[in-house]
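Okay, here's what each chain looks like letter by letter:
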Amino acid sequence: MTDEHELIAGLARGDRAAFRELVETHKKKVYFLALDMVGNPVDAEDVSQEVFLKVFRSFDTFHREARLGSWLYRITYNACIDHLRKRASTPEPMEDEALEAGFRSHPQVSGPREATDPALAAEHAQLRERIERALETVSPQEKAVFLLRHHEDLALGDIAEAMGLSIGSVKSYLFRAVRKLRKELLPAGMEVSHE
Amino acid sequence: MNECAKCRDQIAEALYGEPTPEERAFLEAHLRVCPACASEYEAMTETRRILDSRERKDPGPDFWEGYWDRLERRLEAEPALAPLPVRKRARRPFTPLPAWGLQFAAAAALLVVGILIGRTLLRPPAPRIAQATPPAAVPVPGVEQASAPVLRARDYFERSKLILLGLVNYDPGASDVYGLNMPRQKRLSRELVNEAGSLKSDLKAPADKRLRELVADLETILVQIANLESANDLAAVEMVKKGVEEKGIFLKINLTEMGPSPKARTDKSPM
């Protein structure tokens, strides 16, 4: 595999092979972050492709001292926020309300055990649904910090770099995200009153 | 900052294993003497454990294999992006036009609007036969080209619906599983999955968003059908049925059948 410096040099030259390598290396990270942020697979693919097109279009804005991965996450986060803003300002046609009801429930493809144990499958599906609903209660910024830490395993400092935030803010967003999720996911008995 | 506030600041780090030894020592000492923070920490840890069970919705190998091709098609479709010398222009993509440019653009726009109004008012009525004949075979000027992807999508939905109906109406208590003709269902599903990528790429107009999403939903379900391991894999069949129901697939297909798509409506509106 090409090392990151070579990849960056290739991208700066406008080398299509380097661009493809970038896409193949990072497509899943970019797509999954977009999917979690925008909530449906079609928009997620659209946003993720926008991200790569933007990278291709404006690679000369990349600072060589930055990390390519962090830069990509930042572009992805910004693209998702733009997408969510556009979606919020676009009124949906009436029939879409009925359609959205169907689109909101999008269960994960089941694993082998779930396929043979319908009760387990139902239980997992219910938990997944609760988690997805809980994630809708956090703000986009809190959600992005949580996703980058929880799913992408980025260190807090890397998240701060990717999102252009201080580490203190990242900690605060992460705490608030997990706390909101806790309120949605845990039974009332485990709630803590500590304001 | 009081100790509880300091503790809360460190809980997030502690949850994901990042505190320094000093921070960890402070946290542990505080949790021993503060039941409220200890309880909060316990609840947050439990939350994290629950969240660990979250899996992301992987669209499957076909999606990933075709990702670059779809991106490349989009790249080619945007001529300003294809050759990289564009990078210089990309620095200031919205350079304001000079005043004469704006005047020229306004005049051109007026001319185009005039032509469109004239063509709309003077156009002879379109043949009514269009409704009675299969849409793809009807050469109605100005309609079929613009809505070709929409027509393809409807055909796609119709074929998918037939497969799904066979599966959804299957009753294990009333008939034997071979009544499903599973090999045929799987083959047809595979064919539809193969068509989905190009169809989604063609349905790129904003007005086609819902159709595109429905194709994607169907693709997920059809992949499941195509991958059913055996004809009598009843649990898996049930999962597919549940997916169809939860996503409201039939409702969505019926809505697309109830009227022309927004795009087609736009195309037909001058009539």
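Here is what the cut-offs are and how they apply
Residues numbered from 1 in each chain as written. Chains lettered and ligands numbered in written order. Predicted model: local features only at pLDDT ≥ 70, side-chain atom pairs only at ≥ 80, totals over all residues. Heavy atoms only, no water. Contact = heavy atoms within 4.5 Å. Buried area = accessible area lost by both parts, 1.4 Å probe. Salt bridge = Lys/Arg side-chain N within 4 Å of Asp/Glu carboxyl O. Polar contact = N/O pair within 3.5 Å; in protein donor to acceptor, adjacent residues only side chain to side chain. Helix = DSSP H or I, 4+ residues; strand = E, 2+ residues; numbered from the N terminus. Nonpolar A, V, L, I, M, F, W, Y, C, P; charged D, E, K, R; others polar. Buried < 20%, exposed > 50% of the residue type's maximum accessible area, 1.4 Å probe, protein only. Disulfide = S-S within 2.5 Å.

**Quick look at the interface of chain B and chain A**
Part 1 of the argument: In this assembly, 67 residues from chain B lie in contact with 73 residues from chain A.
Part 2 of the argument: Buried area between chain B and chain A, both sides added, is near 7,100 Å², and the carbon and sulfur share of it is 61%.
Part 3 of the argument: The tally of links from chain B across to chain A stands at 13 salt bridges.
Part 4 of the argument: Put simply, chain B and chain A have 20 residue pairs in polar contact (both at pLDDT 80 or more) between them.
Part 5 of the argument: Of all elements in the fold, only α1 (3-15), α3 (35-52), α4 (61-77), α5 (86-90), α9 (209-226), α10 (234-246) and α11 (249-258) of chain B reach the threshold of two or more residues within the side of chain B that touches chain A.
Part 6 of the argument: When residues of the side of chain B that touches chain A are assigned to their parent elements, the largest contribution, 13 residues, is made by α3(B).
Part 7 of the argument: Each residue belonging to the side of chain B that touches chain A can be placed in one class, and the counts come to 29 nonpolar, six polar and 32 charged.

**So, the pattern of salt bridges**
Part 1 of the argument: Inspection of every chain in the model, using the stated rule, returns 33 salt bridges over all chains.
Part 2 of the argument: Between E161(A) and R67(A) there is a salt bridge, with the nearest N and O atoms lying 2.7 Å from each other. Residue E161(A) is found in helix α9 (residues 156-163), and its partner R67(A) is found in the loop between α3 (41-57) and α4 (68-89); the two are separated by 94 residues along the sequence.
Part 3 of the argument: On the basis of relative accessibility, which here comes to 28%, the residue E161(A) falls in the partly exposed class.
Part 4 of the argument: For R67(A), a relative accessible area of 40% translates into the label partly exposed.
Part 5 of the argument: Connected through salt bridges with shared partners, the residues D36(A), E132(A), E152(A), R54(B) and R56(B) form a single ionic network.

**Some words on the state of the cysteines**
Part 1 of the argument: Evaluation of the coordinates by the stated rule reveals zero disulfides over all chains.
Part 2 of the argument: With no disulfide of its own, C37(B) lies closest to C34(B) among cysteine sulfurs, the gap being 3.6 Å.

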